[in-house]
Amino acid sequence: MAAKKTGTKTGAARTKAVVTKPIGKKPAAKAVVKKAAAKPAVVKKVVVKKVVVKKPAPKPVAKPVAKPAPREEAVAAVKMPKTGVIPVGAGMSPYDIPYYGAPLGAHLSTAGGIATAPPRAPDIGATAMQLFTKQANQWKEKPCTDAEVKTFRTALAATPVTFCTAHDSYLINLASPDPVLRAKSIESFECEMRRSNALGLDAVVSHPGNFMDHRADGIARNADAITQVLERVTGPTRLLMELTAGQGTVIGSTFEEMADLLGQLPAALQDRVGVCFDTAHVYASGYDLANDFDGVMTRFSDVVGFHRLGLLHLNDSKAPLASKKDRHELIGLGSIGEGAFRRIMTDQRFAAVPKVLETPKGDDMITNDRRMLRKLRAFAGGR
Ligand SMILES: [Zn+2]
Ligand SMILES: [Zn+2]
């Protein structure tokens, strides 16, 4: 997405998906709303039957005529299969809480190949997704064949997902003073950008590196490496630098340092880069999203600017404020607490920004993510 524009712009990569599916009009959600709106009489029947004694404002559901949509707890109580598609029926659709905001989803598994990731999105009710395009903890690169690219694009186009981003390898350190590690990192990062462009992804999320020796030198090396690669690899995929928790010598844990890093990139590249705001990282870095949400966001606006915000990673934090530790927790169960997430889901400044969960998966790949997305959608609706 262009620096002055919103998340919707990034979809240029997948022309078809974006043009035909503007944000906020996901087919599944739309279908449910339509049906709901078309059957006002049904709601009355439900009330008469007293099926939902304690539940405020029961919503009509698409399929079984006189049944209220389940609340989050009800869905959580249903026994979920370990894999595969959740049976939809009896109000079980993960999209059944109407939500008209920006793409919202989670980091999805690519076990079995990258084309296996998109079909997982509907299982959890996702309209945004993040994935690794290779093994994130290995240097080995994986160029995508034309067949793989085609299969992936077809699989993605068959979902309601309108924002898809890669997350680059954890091994990459574009700020390293070590020439060998630096060369390997630049090569790997370049491969990531090429793969993601080929796959038609909207963005690549990348962590600023570790400076190892001197902070200012590390930031300059990081900016130089990004510049080299973006000048060699052109395409629609935008680079989003992620704010970090601040452990060790990592760069990018303060808004000032992120602004400094991005500011060192040439003017011609500014529209091709942006920021990924990870709530757990920002909190662990020392920004108190729990008690000073407005103060933190004002600071972000002043120093980095909302025009650069390309993605939110919505994670609660197991680690306390300013701990510099990167430990993700389910929304509402960590030290940030649900208040900040309610704010994010209702604040107009984030209305057009894609949002992706990186919270613990639990026993399977579906249950937790599905619950978290329902929870966030409920927050957006003021519940
Ligand atoms: Zn990350
Ligand atoms: Zn993150």
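Residues numbered from 1 in each chain as written. Chains lettered and ligands numbered in written order. Predicted model: local features only at pLDDT ≥ 70, side-chain atom pairs only at ≥ 80, totals over all residues.

Q: In this structure, what is going on with the packing of helix α8 (residues 215–232) against helix α9 (residues 255–263)? I would like to understand it.
A: Packed helix pairs are characterised by how far apart their axes lie and by the angle those axes make with each other. Two elements in contact, α8 and α9, have axes separated by 8 Å at closest approach and are oriented at 45°. What the angle tells us is that α8 and α9 run oblique. Here α8 runs over α9; the crossing is right-handed. Every residue of α9 that contacts α8 at I219, N222 and A223 is listed here: E257, D260 and L261. (Axes fitted to C-alpha atoms, helices over the stretch in contact; angles between N-to-C directions. Helix = DSSP H or I, 4+ residues; strand = E, 2+ residues; numbered from the N terminus. Parallel < 35°, antiparallel > 145°, perpendicular 65-115°, else oblique. Left-handed = near helix turned anticlockwise from the far one by under 90°. Contact = placed C-beta atoms within 7 Å.)

Q: Which parts of the structure should I look at to understand the sheet that holds strand β4 (residues 203–206)?
A: Neighbouring strands of a sheet are bound in pairs by backbone hydrogen bonds; such pairs are parallel or else antiparallel. What the eight strands build is a closed barrel, ordered β1-β2-β3-β4-β5-β6-β7-β10; its pairing is parallel. Going across the sheet, the axis of each strand differs from the next one's by a mean of 30°, ignoring polarity. Across four bridges, strand β2 (residues 128–131) lies against strand β3 (residues 163–167) in parallel orientation. Opposite Q130, over in β3, you have T165 as the bridge partner. Across the sheet, helix α7 (residues 179–199) touches β3 and β4, and the angle it forms with β4 is around 155°. (Pairing = 2+ DSSP bridges.)

Q: Would you mind showing me how to read α7 here?
A: Quick reminder: α-helices carry 3.6 residues per turn. Residues three or four places apart thus point the same way. Over its 21 residues, α7 runs 30 Å from end to end, which matches the ideal 30 Å to within 8%, given 1.5 Å per residue. Residues of α7 that are buried: S185, I186, S188, F189, C191, E192, M193, R195, S196 and L199. Packing partners of the buried residues in α7 comprise α6 (146–157), β3, β4 and α8. One or two residues past the end of α7 sits G200, with phi positive at roughly 80°. (Expected span 1.5 Å × (residues − 1). Buried ≥ 20, exposed ≤ 12 C-beta atoms within 10 Å, placed from the backbone.)

Q: Looking at this model, I keep getting lost on the nonpolar core. Mind explaining?
A: Side chains of a nonpolar character, in soluble globular proteins, are inclined to be buried together. Within the largest apolar cluster, 85 residues are counted, with the highest numbers of intra-cluster contacts made by A126, M129, L240, M241, V275 and L376. Per-element accounting of this core gives the leading share, six residues, to α8. Among all residues touching V275, those that are not within four sequence positions of it are L240, M241, L243, M258, V304, R308, L309 and G310. (Core = buried A, V, L, I, M, F, W, Y, C linked by C-beta atoms within 7 Å.)

Q: Which parts of the structure should I look at to understand α9?
A: Of all the residues in α9, the buried ones are F255, E257, M258, L261 and L262. Buried residues of α9 fall within an arc of 165° about the axis and therefore sit on the same side. Turned more than 90 degrees away from the buried face of α9, the exposed residues are E256 and G263. Here the buried face of α9 lies against α8, β5 (238–242), β6 (273–278) and α11 (293–303). (Arc of directions from axis to C-beta.)

Q: When you look at the packing of α9 against α11 in this model, what are you seeing that I'm missing?
A: The interhelical angle for the contact between α9 and α11, taken along N-to-C directions, is 20°, at an axis separation of 9 Å. With respect to α11, the element α9 is oriented roughly parallel. Regarding α9 and α11, the two cross each other, and that crossing is right-handed. Note on element contacts: α11 touches α9 through R299, F300 and V303, opposite F255, E256 and A259.

Q: Help me understand unusual backbone geometry, please; the structure alone is not making it clear to me.
A: Peptide bonds are trans in most cases, and residues, glycine excluded, mostly fall at negative phi. With phi around 65°, M212 is a residue other than glycine that occupies positive phi space. Looking at where M212 falls in the secondary structure, it is placed in the loop between β4 and α8. M212 sits in the partly exposed class, given 17 other C-beta atoms within 10 Å. Even without being a glycine, K324 presents a positive backbone phi close to 65°. Relative to the helices and strands, K324 resides in the loop between β8 (316–317) and β9 (328–329).

Q: Help me understand the pairing of strand β7 (residues 309–314), please; the structure alone is not making it clear to me.
A: On any regular strand, side chains alternate: one points to one face of the sheet, the next to the other face. Counting buried residues along β7, six of its six residues qualify, which places the element largely inside the surrounding structure. Two strands pair when backbone bridges link them, and β6 and β7 are joined in this way by four bridges, in the parallel orientation. Bridge pairing in β7 places D278 opposite H313.

Q: Help me understand the pairing of β2 in this model?
A: Residue alternation in β2 divides its side chains into two sets, A128 and Q130 and M129 and L131, and both sets are buried. When strand β1 (residues 104–107) meets β2, the two strands line up parallel, connected through three bridges. In the strand pairing of β2, G105 is matched with A128. Viewed along the sheet, the connection from β2 through α6 into β3 turns out right-handed. (Right-handed = clockwise from strand over helix to strand, strands pointing away.)

Q: Explain the environment of S109 to me, please; I cannot follow it from the model alone.
A: Relative to the helices and strands, S109 resides in the loop between β1 and α5 (120–124). Spatially, the C-alpha atoms of S109 and F132 are 7.9 Å apart, while their sequence positions differ by 23 residues. With sequence-adjacent residues up to four places away left out, S109 is seen in contact with A117, R120 and M365.

Q: Can you walk me through the environment of S93 in this structure?
A: Structurally, the position occupied by S93 is in the loop between α4 (72–77) and β1. Separated by 31 residues in sequence, S93 and I124 place their C-alpha atoms 8.8 Å apart.

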